[in-house]
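Observations on chain architecture
Here is how the chains run, residue by residue.
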Amino acid sequence: MDTLLRIDVGAAKGPSVNKEPIGAYAGMGGRALTSAVVAKEVPPLCHALGPENKLVIAPGLLSGTAAGQSGRLSIGAKSPLTGGIKESNAGGQAAQVLARLGYACIVLEGKPRNDDLYTIVITKDGVKIEVDNSLKMLGNYDLIDKLRKVYGEKAAYISIGPAGEMKLTAASIACTDMELHPTRHAGRGGLGAVMGSKGVKVIILDDEGCKMREPKDPEKFKAANKVWIEGLKKHPVTGGGLPSFGTNVLTNIINEAGGFPVNNFSSGQFAGASKISGESQAALMTARGGQPTHGCHRGCVIQCSGIYNDAQGKYLSKQAEYETVWAHGANCGIDDLDTIQMLDRLDDDIGIDTIEMGVTIGIAMDAGLIKFGDKEGAINLLKEVGKGTPLGRIIGCGAGMTGKAFGVERVAVVKNQALPAYDPRAINGIGVTYATTPMGADHTAGYAIATNILKVGGFVDPLKPEGQIELSRNLQIATAAIDSTGMCLFIAFAVLDQPETFQALIDLLNAFYGLSLTGDDVTALGKSVLTSERNFNKAAGFTKEDDRLPMFFTRDPIAPHNQVFAVKDEELDKVFNW
Amino acid sequence: MVIGGGPSRCAAGRSATIRLPPGDPAWGEALGLLQAGFLVSARIGLSARSFMRDILRFEDEYIEGAVSTVFIDSKPVDDIDAAVVVDGSLLALSAAMPGLVGAVMRRKSPYSSFRKAISYSSPLAGPKAEGRGEGLVRVKLFNSVMRDRGRDLLSRGILVAEAQARSLGAASGASSAVASGDEEGLVFLQVLEG
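Residues numbered from 1 in each chain as written. Chains lettered and ligands numbered in written order. Predicted model: local features only at pLDDT ≥ 70, side-chain atom pairs only at ≥ 80, totals over all residues. Heavy atoms only, no water.

**Quick word on the overall build of chain B**
Selection criterion: In this description a helix means any DSSP run of H or I spanning at least four residues, a strand means any run of E spanning at least two, and both kinds are numbered starting from the N terminus. In this scheme, a residue with accessible area under 20% of its type's maximum is buried, one over 50% is exposed, and one in between is partly exposed, where area comes from a 1.4 Å probe on protein chains only. Residue contacts follow a heavy-atom distance rule, with two residues in contact if any of their heavy atoms lie within 4.5 Å. Surface exposure here means Shrake-Rupley accessible area, sampled with a 1.4 Å probe, where a residue is shielded only by the protein chains that are shown.
Helices and strands together make up the secondary structure of chain B, namely seven helices and ten strands. Here chain B holds 194 residues, and the buried ones make up 58% of them. Considering only intrachain contacts with a sequence separation of at least 6, the fraction spanning at least 24 residues in chain B is 79%. With the model as given, the accessible surface of chain B reaches about 7100 Å², and the carbon-plus-sulfur share is 50%.

As structure tokens, then:
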């Protein structure tokens, strides 16, 4: 995995392929690598859909190995949604296959000279790029159904749907799962639009004839992996709650805490929560012959995904995740799982971010286009996006655009990216991360890992008022580092509580690369990633005023706790003081 | 007095028993009653720990090891010995949850500062407030707590709205088990395997 694959889609004689040594990017993977390439090679002031922007696709440092949970794929570029640097990651099969093919990353650059649509096929024998305009405006499901007949069942597919082709700023990039469903998305920040701007519909990865990546010290690696997997299996979250109920197990809890935004962030508790909870979802899936416990890629230990069948027992979509259930459910006043799962399928098919769409449809409801709770109306609005009608294009460009188009003030975005499923008025600390992460409002930006295990920035007294700032800082540092390993972020729960599991992760990296990393090195990596991302955004024109929540969060209390977001601006400005 | 005993039965006025075979899909709806919330008529003024142990019959080991997340009236609780269950309280019980915010909500979480504005603070000085008579407490069981303890609680009986009991009766094919009456009224409902 020491090769960088550059594809210039704007080359004079059609797309050109250049393989080069990883060079200055050696030792980087995942988010560290995508952000390093974007920060170094993309002019911060360029247009995100212009020839100067680059789409960087990178497996993690441990992808393609036998390490459990190592199948996360990072995708980076300048975001057309936020205007800043973006890394968005996805599960599915692609990271493992790309790593086994020997590529540290793929860089799509330039601008195509015409409207042709390209497929890129990567095998051990090389890279083939072909025009296939028959794929234009195909949804991801139809696209994969067509391609699997040609390229087989064992390939992994990275694709865009109609939203990406239309360059809508909420467009996602899909990765296929083990069943070749296009259900794993690098959803946030509109990176599908960047792929669309490069004229690339799909990248097909086939690692037939490739071997699993070999560690420098196989014995130590094997031993560390054993501890690692045992740690994941024994933890009550990664070994119990997530496999049994999926990520949507959070619905009841966050609703109970009053931090579950309802009807476009107008309340914090949803009367229909128990109807759409992970517990109800799992029971329904089981009753219909689906699978509530299922991995999104081979080598997944946690198995937090699932197969959701419709009332006739036919596959409809993967088990919608917590964020999707919230966004299309409570935030739109919808308490019906079949409707939410249909919206999830449409998101995946059109190739668009579920969080952004749920928040946007909530805004459309607030504006009176349709009523809160209108199930058919929500489905129809999303279908408009897929068709590319004028209304659909507005919706497909996300919450900020739709709020402006329809004169809604209550628009929950930071850096123009919609907030995820935790109301920062009830949970002030998460608001600190939403406000300050370089990615735009992102719940995963400060997700991971026990800061007091890492001792990032010293021991934090969680009872001190300033703990929220320090914790957010440290969590963002740790998360940036984890995102660079290619590990699924859900490992955080086991790592958070079990120091030996965190050590096993370090041991895996050391055994694989023959290194002697410590927690301090992990901290330094996280800081380095964040620093380069912050510098990019600053050069792109971002100021401290962009590190703020919308004012309604500090003004309008939310039920049931009647709290507002109370962290002061000057405190927010301290998050990146290190 | 433990759940399923006289006070809850008396508070309802009416009772119903539904039998479900072990694999019956209606168990999903039955357990759903527990996540939506049910009432318990019980001694109040107990600490949250005592309520779980004495009323719900959770073992100490289970409380300590499995019930990692506790809410009273939507406020996350850190100290279950100091938190007091009073008449009209809503007590919600959960296992450890994923995500940063899941971790934030746990008892004595190192991330509790993230939710300090909504954390539970006891109005009383702890469990010494025990023994203040009977009252109605609303209880919710989530995720693995619901899965682990739900059938036992259902077999002992819970108080639910008549409409909920009738809905379960219809789902189980035993609609006649719940006589029609006041939709808003309470029914003492037992769900038994067999």
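**Quick look at the packing of helix α13 (residues 354-366) of chain A against helix α14 (residues 375-387) of chain A**
The description of two packed helices rests on the angle between their axes and on the distance between the axes. Residue and element names in this part refer to chain A. Rules: The convention used is that axes are lines fitted to C-alpha atoms, helices contributing only their stretch in contact, and that angles between N-to-C directions extend from 0 to 180 degrees. Left-handed describes a crossing whose near helix is turned anticlockwise from the far helix through less than a right angle; right-handed describes the clockwise counterpart. Classification used: nonpolar for Ala, Val, Leu, Ile, Met, Phe, Trp, Tyr, Cys and Pro, charged for Asp, Glu, Lys and Arg, polar for all others including Gly.
Running from N to C, α13 and α14 cross one another at 115°; their axes reach a closest spacing of 11 Å. Crossing geometry of α13 relative to α14 is assigned as right-handed. The residues of α14 that touch α13, namely those facing Met357, Ile361, Ala364 and Met365, are Ala378, Leu381, Leu382 and Val385. Here the residues of the contact of α13 with α14 sort into eight nonpolar, no polar and no charged.

**Some thoughts on the packing of helix α3 (residues 140-151) of chain A against helix α12 (residues 337-350) of chain A**
Residues and elements named next belong to chain A. Which entries qualify depends on this criterion: An angle below 35 degrees is treated as roughly parallel, one above 145 as roughly antiparallel, one from 65 to 115 as roughly perpendicular, and anything else as oblique.
The N-to-C vectors of α3 and α12 enclose an angle of 60°; their axes lie 6 Å apart at closest approach. Our classification of the angle between α3 and α12 gives oblique. On α12, the residues touching Asn140, Tyr141 and Asp142 of α3 are Arg345, Asp348, Asp349 and Ile350.

**Things to note about helix α2 (residues 26-36) of chain B**
Residues and elements named next belong to chain B. Counted residue by residue, α2 has eight buried out of eleven residues, so it is predominantly covered. Every buried residue of α2 is listed here: Ala26, Trp27, Ala30, Leu31, Gly32, Leu33, Leu34 and Gln35. Two residues or fewer after α2 comes Gly37, characterised by a positive phi angle close to 115°.

**Looking at the domain arrangement of chain A**
Residue and element names in this part refer to chain A. In plain terms, the rule: Segmentation of the chain into domains, including their bounds, is taken from an automatic or database domain assignment. By definition, the buried area sums, over both parts, the 1.4 Å-probe accessible area that each loses when the two are put together. Any carboxyl oxygen of Asp or Glu within 4 Å of a side-chain nitrogen of Lys or Arg constitutes a salt bridge here. For the purposes of these results, a polar contact is taken to be a pair of N or O atoms within 3.5 Å, where, inside protein, one atom must be able to donate a hydrogen and its partner to accept one; residues adjacent in sequence count only when each atom of the pair is a side-chain atom.
We note that the domain assignment places domain 1 (3-205), domain 2 (247-418) and domain 3 (438-572) within chain A. On a C-alpha basis, the centres of domain 1 and domain 3 stand 26 Å from each other. Listed by partner, the interface residues are 31 residues for domain 1 and 27 residues for domain 3. Counting each side, the surface lost to burial between domain 1 and domain 3 is near 2400 Å², with a carbon and sulfur contribution of 63%. Of all residues in domain 1, Arg31, Leu62 and Ile85 bury the most surface against domain 3, accounting for 29% of the area lost on that side. Run the count over domain 1 and domain 3 and you get two salt bridges. Between Arg31 and Asp483 there is a salt bridge, and its shortest N-O distance comes to 3.1 Å. The interface formed by domain 1 and domain 3 holds twelve residue pairs in polar contact (both at pLDDT 80 or more) in total. Secondary-structure elements contributing two or more residues to the side of domain 1 that touches domain 3 are α1 (30-41), β4 (73-78) and β5 (85-90). In terms of residue count, α1 provides more of the side of domain 1 that touches domain 3 than any other element does, six residues in total. The residue makeup of the side of domain 1 that touches domain 3, split by class, is ten nonpolar, 15 polar and six charged.

**Quick word on the pairing of strand β1 (residues 3-8) of chain A**
Residue and element names in this part refer to chain A. Note the following rule: Any two strands between which DSSP finds at least two bridges are classified as paired.
Sheet topology places β1 next to strand β6 (residues 103-109); six bridges connect them, and they run parallel. By the bridge assignment, Ile7 is partnered in β6 with Leu108. The pairing of β1 with strand β2 (residues 16-21) spans six bridges and is antiparallel. Residue pairing across strands places Thr3 opposite Pro21, the latter belonging to β2.

**So, unusual backbone geometry**
Geometrically, the link from Ala559(A) to Pro560(A) is a cis peptide bond, its omega value of 5° lying close to zero. Positive phi values are uncommon outside glycine, yet Lys167(A) reaches one of about 60°. You can call Lys167(A) partly exposed: its relative accessible area is 35%. The phi torsion at Ser74(B) lies on the positive side, around 70°, for a residue other than glycine.

**Considering the pattern of salt bridges**
Residues and elements named next belong to chain A. Scanning the entire structure with this criterion turns up 42 salt bridges over all chains. Notably, a salt bridge pairs Arg6 with Glu109, separated by 3.1 Å at the nearest N-O pair. Here Arg6 is found in strand β1, whereas its partner Glu109 is found in strand β6, with 103 residues between them in sequence. Under the relative-accessibility criterion, Arg6 is labelled buried at 12%. Glu109 gets classed as buried once you look at its relative accessible area, which sits at 14%. Linked through salt bridges whose partners overlap, the residues forming this network are Arg6, Glu20, Glu41, Lys54 and Glu109.

**Notes on the confidence of the model for chain B**
If pLDDT is low for a region, its predicted coordinates should not be looked at in detail. Which entries qualify depends on this criterion: A score from 0 to 100, pLDDT tells how confident the predictor is in each residue.
Averaged over every residue, the pLDDT of chain B is 86; the share at 70 or more is 84%. Ranking the elements of chain B by mean pLDDT puts helix α1 (residues 6-12) of chain B last, at 63, and strand β7 (residues 90-94) of chain B first, at 97.

**Overview of the environment of Gly187(A)**
Of note, Gly187(A) is situated in the loop between β11 (184-186) and α5 (191-197). Contact partners of Gly187(A), with chain neighbours within four places excluded, come to Ser88(A), Ala170(A), Ala171(A), Ser172(A) and Asp353(A).

**Section: the sheet that holds β11(A)**
Residue and element names in this part refer to chain A. With mixed pairing, the six strands of this open sheet are ordered in space as β8-β7-β12-β9-β10-β11. Edge positions in the sheet fall to β8 (126-131) and β11, since each has one partner strand and no second. Taken over all neighbouring pairs, the strand axes of this sheet differ in orientation by 20° on average, direction set aside. Summarising the sheet, strand β7 (residues 118-123) and β8 pair through six bridges and their orientation is antiparallel. Bridging across to β8, Ile122 finds its partner in Val127. Contacts from α3 reach β7, β8, β9 (156-159), β10 (173-175), β11 and β12 (200-205), with the element oriented near 140° to β9.

**Things to note about helix α21 (residues 499-513) of chain A**
Residue and element names in this part refer to chain A. Convention followed: How far a helix is expected to stretch is found by multiplying one less than its residue total by 1.5 Å.
End to end, α21 covers 22 Å across 15 residues, agreeing with the expected 21 Å (1.5 Å per residue, within 8%). Those residues of α21 that fall on the buried side of the exposure criterion are Thr501, Phe502, Ala504, Leu505, Ile506, Leu508, Leu509, Asn510, Ala511 and Phe512. Just downstream of α21 lies Gly514, where phi reads positive at about 70°.

**Examining the packing of aromatic side chains**
What describes a pair of aromatic rings is the distance from one ring centre to the other and the angle between the planes of the rings. All names here are of chain A. What counts, and what does not: Within 6.5 Å between ring centres, the rings of Phe, Tyr and Trp (the latter by its six-membered ring) count as paired, and their orientation is classed by plane angle as stacked under 30 degrees, edge-to-face over 60, tilted in between.
Throughout the structure, instances matching the rule amount to nine aromatic pairs over all chains. For the ring pair Tyr322 and Tyr422, a centre distance of 5.6 Å and an interplane angle of 45° mean the geometry is tilted. With Tyr322 in helix α11 (residues 322-328) and Tyr422 in the loop between β17 (417-418) and α17 (428-436), the pair connects residues that are 100 residues apart, well separated along the chain. Judged by its relative accessible area of 2%, Tyr422 falls in the buried class. Taken together, the aromatic side chains of Phe265, Trp326, Phe552 and Phe553 make up a single cluster linked through ring pairs.

**Observations regarding the environment of Tyr434(A)**
All names here are of chain A. Residue position: Tyr434 is located in helix α17. Assessed through its relative accessible area of 0%, Tyr434 is described here as buried. For the pair Tyr434 and Pro424, spaced ten residues apart in sequence, the C-alpha to C-alpha distance is 8.3 Å. Every residue in contact with Tyr434, bar those within four places of it in the chain, is listed here: Val414, Leu419, Pro420, Ala421, Tyr422, Pro424, Gly440, Ala441, Asp442, His443 and Leu549.

**With respect to the nonpolar core**
Quick reminder of the rule: By convention a nonpolar core is built from buried Ala, Val, Leu, Ile, Met, Phe, Trp, Tyr and Cys residues, the set being connected through side-chain atoms within 4.5 Å.
Core analysis: the largest hydrophobic core is formed by 98 residues, its most contacted members being Trp326(A), Tyr422(A), Ile427(A) and Met105(B). For this core, the element with the highest residue contribution is α13(A), accounting for seven residues. Within the second largest apolar cluster, 48 residues are counted, among which are Ala26(B), Leu31(B), Val139(B) and Ile158(B).

**Overview of the interface of chain A and chain B**
On the side of chain B, 37 residues touch chain A, which itself brings 45 residues to the contact. Residues Lys140(B) and Glu256(A) are paired through a salt bridge, measuring 3.0 Å at the closest nitrogen-oxygen approach. Of the residues in the side of chain A that touches chain B, the class split is 25 nonpolar, 16 polar and four charged.

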